[in-house]
Amino acid sequence: MADWQKILVAVDDSNLSNRVVDYVGQVVSGHAGVQISLLQVYPEPPPCFYQEGHNLKEFKQEKEEVAHEVFQRLIPVLAGYGIDAETIQTLCQMAEGNSLSKEILKVRDQGRFGTMVLGRRGISKAEEFLFGSISTAILRESHDFTVWVVS
Amino acid sequence: MDLCTDNAMPQHPKTLNDIPQDIVALFKAHHVSKSLRRQPKVYTDTSNFTSIDYGDIIHIDGRYFLVTAYAVEGRFGVDDQPKQWVPKVHDLVSGQSLILKLVFHETFSVDIGNFTINCYRNPEKEARILEYTQGHERFMQGYSVEDDAGNLVRILDVVPGRRLDKHIYRHECSHEEYFYTYLPALLREFLACAQAIGFLHRGGFRHGDIRRDHIYVEYGTNLFRWIDFDYDFYLPERPFALDLFELGNLLMFLIVRGDCRERDFIEHHYIDEAFLSTISAEDYSLVSKTRIVNLQKIFPYIPVELNQICMHFSQKSSVWYDTADEFCVDLEKAVATLS
């Protein structure tokens, strides 16, 4: 089993991420040896993207700028719980050829994170069927790591 | 028959004067030219497909295609409308009938229940699928080539057959007779088509427009073949969800031999209004609230194995198919019970 103190927190630009990060701060505050990484994953561009004349480099740049603002908003929340901001890793990744949940799982696996933290929006079954639920998908694959779901 | 090489021809032929005389002779011998009241144009750039008309010639890939008609399709509640970007053509040299698909990019929204999903017409995707499924008997065959303006034109073999939604009504009989006599063979073919969708998904492709008139049933063999994969949709977390949803709808269409809305069952006298009180909320589609998917309540002779597949698309279900392969495993078991 991977080290639970290596914590991967999946975030986005929603208010839910504030609650997720706040929860993490409350739980791990005072624990020595905890390593926190914030991860923002974004999907590939839509099918019409290239035909409309956009390019991938600019798309990725835009997404990374948004992610940077998200991280800048969330790191102080953790710092407020005494977690050294310098130790917080940030990752921003495009889910290339993957669903968002599969990309998150790939990062988790590559980084050997023992704990994953996610937000859960609370959506209808129909919405989940069509649009998916990242938290449900990740819970299903949580064989050798721990998942905290914050709703 | 000698054809002039491109070196001997103008860069962008526009009239019959600009193409080889032997091709002109073939055109003049064709029945289409007899009824034409104007001079045909010859296109090597298909960008403005609305200007390409019956009797015109499209010259691409060294071939001369005479436009003889247009494909038609019903969509959004409107009956069959001609698709100007899909001319039916004759290859003037070989005499082969083919279908061309010209480039037409389109973005629109589709309402699925209470949800809106963005869909895209994506010629490039269809071209890649044609390559990926080359030689696969469950997919229409063809290839793509760029015209002079770089438009990716798809040159498609005609599937000699009947649309599935017309094929299933060929025999006049009761539903029960249809279910026992004709449905098993239909479902075996449908299973092969669903497995073909699994093949597509494993290659990273969506069909994008699974519907009852996008399967053709070949004359003679009764083999089911998919057509029309230039639509795409964008669901990053569930990239194949719409294909799976439509596979379920298509299966239910085959089982019922029609639509599954309350009013359809009433109109066909399978049930009456009073019977609706025995249908609970859980018997309805997860996404479309007027469609009954617990079909065994309407047709008690539907075996449990087959009905369970339909119930995976119901409001009762909390577990649904993630992949076409999962759907096919269950369908294969269900089809075995009918044989």
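See the structure shown above.
The following refers to the structure shown. Worth saying up front: this structure is predicted, and the values here are computed from it rather than measured.

Quick look at the overall build of chain B now. Summing up its helical and strand segments, chain B has 10 helices and 13 strands in all. With the C-alpha coordinates aligned to their principal axes, the bounding extent of chain B is approximately 75 × 45 × 35 Å. A separation threshold of at least 6 residues defines the contact pool for chain B, and within that pool the share at least 24 residues apart is 60%. Entry remark: accessible area of chain B is about 15,200 Å², with carbon and sulfur atoms responsible for 50%. The distance from the centre of the 35 positive side-chain charges to the centre of the 50 negative ones in chain B is 3 Å.

Going through the model one piece at a time under the given rule, you end up with 26 aromatic pairs over all chains. Measuring from centroid to centroid gives 5.8 Å for F139(B) and F229(B), while their planes differ by 80°, and the two rings are edge-to-face. Taken as a pair, F139(B) in the loop between α3 (123-132) and β8 (142-146) and F229(B) in the loop between β12 (224-226) and β13 (231-233) lie far apart in primary sequence, 90 residues in all. As far as the burial class goes, F139(B) and F229(B) line up, both buried. Each member of the aromatic cluster is reached from another via a ring pair, and the members are F129(A), F190(B), F245(B), F313(B), W320(B), Y321(B) and F327(B). The ring centre of F129(A) lies 5.1 Å from the NZ or CZ of R238(B), which sits over that ring.

Moving on, we come to the interface of chain A and chain B. Listed as interface residues are 24 residues of chain A and, on the opposing side, 28 residues of chain B. Put simply, D322(B) and R140(A) hold a salt bridge, and the shortest N to O gap is 2.7 Å. The interface formed by chain A and chain B holds eight residue pairs in polar contact (both at pLDDT 80 or more) in total. Ranked by residue count, the leading element in the side of chain A that touches chain B is helix α4 (residues 125-131) of chain A, at seven residues. A class-by-class count of the residues in the side of chain A that touches chain B yields 12 nonpolar, seven polar and five charged.

Moving on, we get to the sheet that holds strand β2 (residues 35-43) of chain A. Residues and elements named next belong to chain A. With parallel pairing, five strands are arranged side by side in an open sheet as β3-β2-β1-β4-β5. Only two strands of the sheet have a single neighbouring strand rather than two, namely β3 (89-95) and β5 (146-150). Averaged over all neighbouring strand pairs, the angle between strand axes comes to 25°, with direction disregarded. With three bridges joining them, strand β1 (residues 6-10) and strand β4 (residues 115-119) adopt parallel strand pairing. Bridge pairing in β4 places I7 opposite T115. Lying on the sheet, helix α2 (residues 56-79) is in contact with β2 and β3; it crosses β2 at an angle near 145°. In the packing of helix α3 (residues 100-111) onto the sheet, contacts are made with β1, β2, β3 and β4, and the angle to β2 comes to roughly 150°.

As a further point, take a negative patch on the surface. Judged by side-chain charge, E58(A), E62(A), E64(A), E65(A) and E69(A) come together as a negatively charged surface patch. By secondary structure assignment, the location of E69(A) is in helix α2.

To continue, consider the nonpolar core. All names here are of chain B. F190, W226, L306 and F327 are the most contacted members of the largest nonpolar core, which totals 80 residues. A total of 12 residues in this core trace back to one element, the largest contributor, which is helix α7 (residues 241-256). With residues near it in sequence (within four places) discarded, F190 still touches I215, F224, L247, L250, L251, L254, F327 and L331.

A full pass over the atoms with the stated rule returns zero disulfides over all chains. Take C48(A): it sits in no disulfide, and the sulfur closest to it among the cysteines is that of C119(B), at 11 Å. Here C260(B) is not disulfide-linked; the sulfur of C310(B) is the nearest cysteine sulfur, at 7.7 Å. The exposure class of C260(B) is buried, given its relative accessible area of 7%.

With that settled, the discussion passes to unusual backbone geometry. All names here are of chain B. Phi at N222 takes a positive value of approximately 60°, unusual for a residue other than glycine. Summarising the element assignment, N222 is placed in the loop between β11 (215-218) and β12. The partly exposed category is assigned to N222, whose relative accessible area is 36%. One non-glycine residue with positive phi stands out, namely D228, at about 60°. Take D228: it is sitting in the loop between β12 and β13.

Now for helix α9 (residues 304-311) of chain B. Restricting attention to buried positions, one finds in α9(B) the residues L306(B), N307(B), I309(B), C310(B) and M311(B). Of the surrounding elements, those touching the buried residues of α9(B) are α5 (175-181), α6 (183-202), α7 and α10 (324-338) of chain B.

With that out of the way, let us pick up the pairing of strand β2 (residues 57-60) of chain B. Residues and elements named next belong to chain B. Both faces of β2 are covered, namely the face carrying I57 and H59 and the face carrying I58 and I60. The pairing of strand β1 (residues 42-43) with β2 spans two bridges and is classified as parallel. Residue V42 lies in a different strand from β2, and its bridge partner there is I57.

Moving on, we get to the packing of α9(B) against α10(B). Residue and element names in this part refer to chain B. Packing of α9 against α10 brings their axes to within 8 Å, and their N-to-C directions diverge by 150°. One way to sum up the angle between α9 and α10 is to call them roughly antiparallel. Where α9 crosses over α10, the handedness of that crossing is left-handed. Residues E305, L306 and I309 of α9 lie in contact with α10, whose contacting residues are F327, D330, L331, A334, T337 and L338.

Residue and element names in this part refer to chain A. Tracing the chain through its elements places G33 in the loop between α1 (15-28) and β2. On the basis of relative accessible area, G33 is assigned to the exposed category, the value being 53%. It is 32 Å that separates the C-alpha atoms of G33 and P43, two residues lying 10 residues apart in sequence.

About the thresholds
- Residues numbered from 1 in each chain as written.
- Chains lettered and ligands numbered in written order.
- Predicted model: local features only at pLDDT ≥ 70, side-chain atom pairs only at ≥ 80, totals over all residues.
- Heavy atoms only, no water.
- Helix = DSSP H or I, 4+ residues; strand = E, 2+ residues; numbered from the N terminus.
- Contact = heavy atoms within 4.5 Å.
- Areas by Shrake-Rupley, 256 points an atom, 1.4 Å probe, with all protein chains shown as cover.
- Lys, Arg positive; Asp, Glu negative; His and termini not counted.
- Charge placed at Lys NZ, Arg CZ, Asp CG, Glu CD.
- Phe/Tyr/Trp six-rings, centres within 6.5 Å; stacked < 30°, edge-to-face > 60°.
- Buried < 20%, exposed > 50% of the residue type's maximum accessible area, 1.4 Å probe, protein only.
- Lys NZ or Arg CZ within 6 Å of the ring centre and 35° of its normal.
- Salt bridge = Lys/Arg side-chain N within 4 Å of Asp/Glu carboxyl O.
- Polar contact = N/O pair within 3.5 Å; in protein donor to acceptor, adjacent residues only side chain to side chain.
- Nonpolar A, V, L, I, M, F, W, Y, C, P; charged D, E, K, R; others polar.
- Pairing = 2+ DSSP bridges.
- Axes fitted to C-alpha atoms, helices over the stretch in contact; angles between N-to-C directions.
- Patch = residues over 30% accessible without salt bridge, like charges linked within 9 Å, V, L, I, M, F, W, Y side chains within 5 Å.
- Core = buried A, V, L, I, M, F, W, Y, C linked by side-chain atoms within 4.5 Å.
- Disulfide = S-S within 2.5 Å.
- Parallel < 35°, antiparallel > 145°, perpendicular 65-115°, else oblique.
- Left-handed = near helix turned anticlockwise from the far one by under 90°.

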